[in-house]
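# Architecture at a glance
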Amino acid sequence: MLKYVVRRVLQMIPVFLGVTLLLFMLRIPGFLPGDPIQLIVGERELTPALRKQIEEKNRLNDPLPEQYVWYVSNIVQGDLGDSYQKGRPVADILTDKFPNSFRLAFAAIIVEIVIGILAGIISAVKQYSFWDVLVTLSTSILVSVPVFWLGLLLQMFFGIQVREWTGGAFSLPITGMGDPPDLAHIILPAITLASVSTAYVARIMRSQMLEAMSQDYIRTAKAKGLTERVVVFRHALKNALIPVVTFIGIDLGFLMGGAILTESVFQWPGVGREIYLAVLQRDWPVVMGGVIVIVLIVMLVNLIVDISYAILDPRIRYGGAAE
Amino acid sequence: MALLEVNNLKSQFFTRDGVVKAVDGVSFTLNEGQTLAIVGESGSGKSVTALSLMRLIQEPQGRIVDGEVVLSGEDVLKLNDSQVRAMRGNRIAMIFQDPMTSLNPVFRVGFQIGEALRVHKGMNREQAAQRAVEMLELVGIPNAAHRAKDYPHQFSGGMRQRAMIAMALACDPDILIADEPTTALDVTIQAQILELMLEMQQRTGAAIIMITHDLGVVADMADDVMVMYGGRQVEYGTADHVFYNPLHPYTWGLLDSLPRHDISEKGELCPIQGQPPSLIDIPSGCAFHPRCPHAREICRTSIPDLKEIEPGHRSACHFSSDPRFRRTIAASQSGREVR
């Protein structure tokens, strides 16, 4: 098991280097339109002395390989550069914003696990019942609804309509997100962010449960005289959960990486929105730093998923050495 | 009193294409310690008969529509759900055809054997684990204490079937139903598994219902033989009766399609012509008549009853009691030219 983990960690290194290489290209002068030095200088007057100072600070005149080594070694030491627009270190900006993205991701993943898995199980166990039809139909709709539109719809309904109907007694807040936002503010963004994934989880869960229930080992379990509950929740569920856990895990990585659409619609002060704003302002260090941290998080979460996968499914333990 | 008495069992599946009459009026008795073989082609209703005894037919498509299954004086078909569960794995246990898929891949073998013990014998986890190891030892798994902690994928096919037998016999059932237990295994392993089953039967005194299409297995193990065709019984008697004095043309056909080393000349096999019938649309009269070389008009119009031709030997053919029609073992052995 330890050997497996070590090997998976080592495998992350080439992925990390590949990503940094791609991102490094963003800072090669002339690769992207616009003069980065002009962007850094902003409204100030660009004197030759100032240009030279900026070029030296960012090592823009070194040969490219040297620049790359300098760039990667800075990243490894936690230095992601300074924001063009704000002049602050990118690492500080991200440190400010990530907790908010984590909060949102955490809330969304709970919605996804609880509602998605439950709906999938009910749907499979009571196949063709009213609940099954309801789940199948609503998940079909959810996966095809654009997230930003669903977000706006929820804002209109819970923020405006419900308030009118109840005469202002009840509504969910849709403006005035503080930093960090409070619990009431998280409900709608979390539902919005979780919507598509919850629908997928319910569908995967349903099909996996149905498949597991038709397996020979279920007949064996019934022939032993086990109760229906034990057969479904022990023998079928553990098999059916394997792909669902994989999906949720990978999704968790993406959710933590900041949800650009959801965060923008709800003005949620997270990394996704920060990256979105940085792209609009061509603030490349923020974009690059944000992406690198997101990649690291996704890789880390994937590693955790793979390890938990090995715990659930004994067949892939020891990296496939068995069998 | 017989241990198990099955009367006029009828199981049907209600599908979009029509009603599948998988088991259509099967009756037999089984005494303690006895071995009954149920023989027939694929789709003759053997497995559904076995699953019906365990009440394991997939509802709501499948239903037992008629009959009695009397186990020690109690009709299994009238039990409620919890009574059925108390019977399954405890009084009647079952092993299945494919040991590769019959064990749950995500639980340890020892745990899966112990489950039935915890349900039926009220053992706790440690006691059940302990007993599971003993059962694995009994069925000839070397280093059982260690192997009980393995997962099914770490077992070979033969070992998995041994584990299935250990699982089935853990609660010391009265009846062990084996649904083609050797079909998915290598020939050498097949012999080992059959030997193990006989040994375990002697040790535990369990009655065995062996479902198979392998007549070699039947000859080795069975006391009684029931031949099924198209969901119905066509012949029922002792193994000697059925092998040496078969009364039904279908049984003749089965025996003739078997390779035999005692017939050296004309060593060709004589397969039964045609295909097994669809259980949705069973031929009128005798289900075998479209394939029977001896069929006459009456076979098309009237379903033959299962009649006792000689003591303890029954056959469902209109002509079984006609001495001119009957073929003896002498005729069968002197060659296949009777046709």
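Here is what the cut-offs are and how they apply
Residues numbered from 1 in each chain as written. Chains lettered and ligands numbered in written order. Predicted model: local features only at pLDDT ≥ 70, side-chain atom pairs only at ≥ 80, totals over all residues. Helix = DSSP H or I, 4+ residues; strand = E, 2+ residues; numbered from the N terminus. Buried ≥ 20, exposed ≤ 12 C-beta atoms within 10 Å, placed from the backbone. Contact = placed C-beta atoms within 7 Å. Rg over C-alpha atoms; globule rule 2.2 N^0.38 Å. Nonpolar A, V, L, I, M, F, W, Y, C, P; charged D, E, K, R; others polar. Axes fitted to C-alpha atoms, helices over the stretch in contact; angles between N-to-C directions. Parallel < 35°, antiparallel > 145°, perpendicular 65-115°, else oblique. Left-handed = near helix turned anticlockwise from the far one by under 90°. Pairing = 2+ DSSP bridges. Core = buried A, V, L, I, M, F, W, Y, C linked by C-beta atoms within 7 Å. Right-handed = clockwise from strand over helix to strand, strands pointing away. Expected span 1.5 Å × (residues − 1). Bend = angle between axes of the 7 residues up to and from the residue. pLDDT = per-residue confidence, 0-100.

### Examining the overall build of chain A
A tally of helices and strands in chain A yields 13 helices and 0 strands. Ordered by position in the sequence, the α and β elements of chain A form the string α-α-α-α-α-α-α-α-α-α-α-α-α. In terms of principal-axis extent, the alpha carbons of chain A reach across some 85 × 65 × 30 Å. The buried share among the 323 residues of chain A stands at 34%. Within chain A, residue pairs in contact and separated by at least 24 positions form 72% of the contacts whose partners lie at least 6 positions apart.

### Remarks on the overall build of chain B
If you tally the helices and strands in chain B, you get 13 helices and 12 strands. The C-alpha atoms of chain B give a radius of gyration of 21 Å, which matches the 20 Å a tight globule of 339 residues would have. With the principal axes as the frame, chain B shows a C-alpha extent of 65 × 45 × 40 Å. Here chain B holds 339 residues, and the buried ones make up 45% of them. Within chain B, residue pairs in contact and separated by at least 24 positions form 64% of the contacts whose partners lie at least 6 positions apart.

### Notes on the environment of Y151(B)
Tracing the chain through its elements places Y151(B) in the loop between helix 6 (144–147) and helix 7 (157–169). The sequence separation of Y151(B) and Q112(B) amounts to 39 residues, and the corresponding C-alpha distance is 9.8 Å. For Y151(B), the contacting residues outside a window of four places in its chain are P314(A), P105(B) and R108(B).

### Remarks on the interface of chain B and chain A
With 24 residues of chain B at the interface, the matching set in chain A holds 21 residues. No other element matches helix 4 (residues 109–120) of chain B, which puts 4 residues into the side of chain B that touches chain A. Classifying every residue of the side of chain B that touches chain A by side-chain character gives 12 nonpolar, 8 polar and 4 charged.

### As for the packing of helix 1 (residues 2–24) of chain A against helix 13 (residues 284–312) of chain A
Residue and element names in this part refer to chain A. Where helix 1 contacts helix 13, the two axes come as close as 11 Å, and the packing angle between them is 160°. By the angle class used here, helix 1 and helix 13 are roughly antiparallel. In the packing of helix 1 onto helix 13, the handedness of the crossing is right-handed. Touching Y4, V5, R8, V9, M12, V15, V19, T20 and L23 of helix 1 are M288, V291, I292, V295, M299, L303, D306, I307 and A310, all from helix 13. Here the contact of helix 1 with helix 13 is composed, by residue class, of 15 nonpolar, 1 polar and 2 charged.

### Overview of the sheet that holds strand 2 (residues 18–30) of chain B
Residues and elements named next belong to chain B. Strands sit in the order 2-1-4-5 across an open sheet of 4 strands; the sheet is antiparallel. In this open sheet, the two edge strands, each paired with only one partner strand, are strand 2 and strand 5 (74–75). In terms of strand pairing, strand 1 (residues 4–15) meets strand 2 through 10 bridges, oriented antiparallel. When the sheet's bridge partners are listed, T15 is paired in strand 2 with G18. Strands strand 1, strand 2 and strand 4 (62–71) of the sheet are contacted by helix 1 (residues 46–53), whose axis makes an angle of about 70° with strand 2.

### Structural notes on unusual backbone geometry
Residue P60(B) follows E59(B) across a cis peptide bond; omega there is 5°. The residue R282(A) is not glycine, and still its phi comes out positive at about 50°. Positionally, R282(A) belongs in the loop between helix 12 (271–280) and helix 13. Residue classification places R282(A) among the partly exposed positions, given that 15 C-beta atoms sit within 10 Å. The residue D172(B) is not glycine, and still its phi comes out positive at about 55°.

### Observations regarding the pairing of strand 3 (residues 35–39) of chain B
Residue and element names in this part refer to chain B. For strand 3, a buried count of 5 out of 5 residues is recorded, marking the element as mostly surrounded by other parts of the structure. Burial along strand 3 is two-sided: T35, A37 and V39 facing one way and L36 and I38 facing the other are all buried. Looking at chain direction, strand 3 and strand 8 (residues 207–212) are connected through 5 bridges and run parallel. In the sheet register, L36 faces strand 8, and the bridge partner there is I209. Pairing of strand 3 with strand 9 (residues 224–229), which is carried by 4 bridges, proceeds in the parallel orientation.

### Regarding the sheet that holds strand 7 (residues 175–179) of chain B
All names here are of chain B. Spatially, the 8 strands line up as an open sheet ordered 6-7-8-3-9-10-12-11, and their pairing is mixed. Of all the strands in the sheet, just strand 6 (92–95) and strand 11 (307–310) have a single pairing partner and so form its edges. Direction aside, neighbouring strands of the sheet carry axes that sit 20° apart on average.

### Concerning the nonpolar core
Of all hydrophobic cores here, the largest spans 95 residues; its most connected members are A166(B), I177(B) and I209(B). Setting aside residues up to four positions removed in sequence, I177(B) forms contacts with A50(B), L53(B), M54(B), I92(B), M94(B) and I209(B). I40(A), Y200(A), V201(A) and V265(A) belong to the second-largest nonpolar core, a separate cluster that totals 60 residues.

### Quick look at the pairing of strand 7 of chain B
Residue and element names in this part refer to chain B. Within strand 7, 5 of the 5 residues are buried, leaving the element largely enclosed by the surrounding structure. Here strand 7 shows a buried face lined by I175, I177 and D179 and a second buried face lined by L176 and A178. Both strand 6 and strand 7 contribute to a ladder of 4 bridges, which runs parallel. Bridging from a neighbouring strand, M94 pairs with I177 of strand 7. Handedness of the β-α-β unit built from strand 7, helix 8 (residues 187–204) and strand 8 comes out right-handed.

### Regarding helix 11 (residues 249–256) of chain B
All names here are of chain B. By the criterion of burial, helix 11 is predominantly enclosed, with 6 of the 8 residues buried. Within helix 11, the full set of buried residues consists of P249, Y250, T251, W252, G253 and L254. For helix 11, the elements touching its buried residues are helix 9 (215–221), strand 9, strand 10 (232–238) and helix 10 (239–244).

### Some thoughts on the packing of helix 5 (residues 90–125) of chain A against helix 13 of chain A
All names here are of chain A. Two elements in contact, helix 5 and helix 13, have axes whose closest approach is 10 Å; the angle formed by their N-to-C orientations is 55°. With respect to helix 13, the element helix 5 is oriented oblique. Here helix 5 runs over helix 13; the crossing is right-handed. Contacts from V90, A91, I93 and L94 of helix 5 reach helix 13 at P285, V286, G289, G290 and V293. When its residues are assigned to classes, the contact of helix 5 with helix 13 shows 7 nonpolar, 2 polar and no charged.

### Examining the environment of T101(B)
Within the secondary structure, T101(B) sits in helix 3 (residues 99–102). For the pair T101(B) and Y229(B), spaced 128 residues apart in sequence, the C-alpha to C-alpha distance is 27 Å. Apart from the residues lying within four places of it in its own chain, the contact partners of T101(B) are Q215(A), D216(A) and Y217(A).

### Quick look at helix 8 (residues 183–213) of chain A
Given 3.6 residues per helical turn, the α-helix brings residues three or four places apart onto the same face. Across its 31 residues, helix 8 of chain A extends only 39 Å between first and last C-alpha, which sits more than 12% below the 45 Å expected from 1.5 Å per residue. Most pronounced at S195(A), the bend in helix 8 of chain A amounts to some 50°.

### Side note on the confidence of the model for chain B
Residues and elements named next belong to chain B. For chain B, mean pLDDT is 88; residues scoring 70 or higher make up 93% of the total. In this model, residues 332–339 is a region of pLDDT below 50 whose contacts with residues beyond four sequence positions or in other chains number 9 contacts. As scored by the predictor, the complex reaches a pTM of 0.79 and an ipTM of 0.87.

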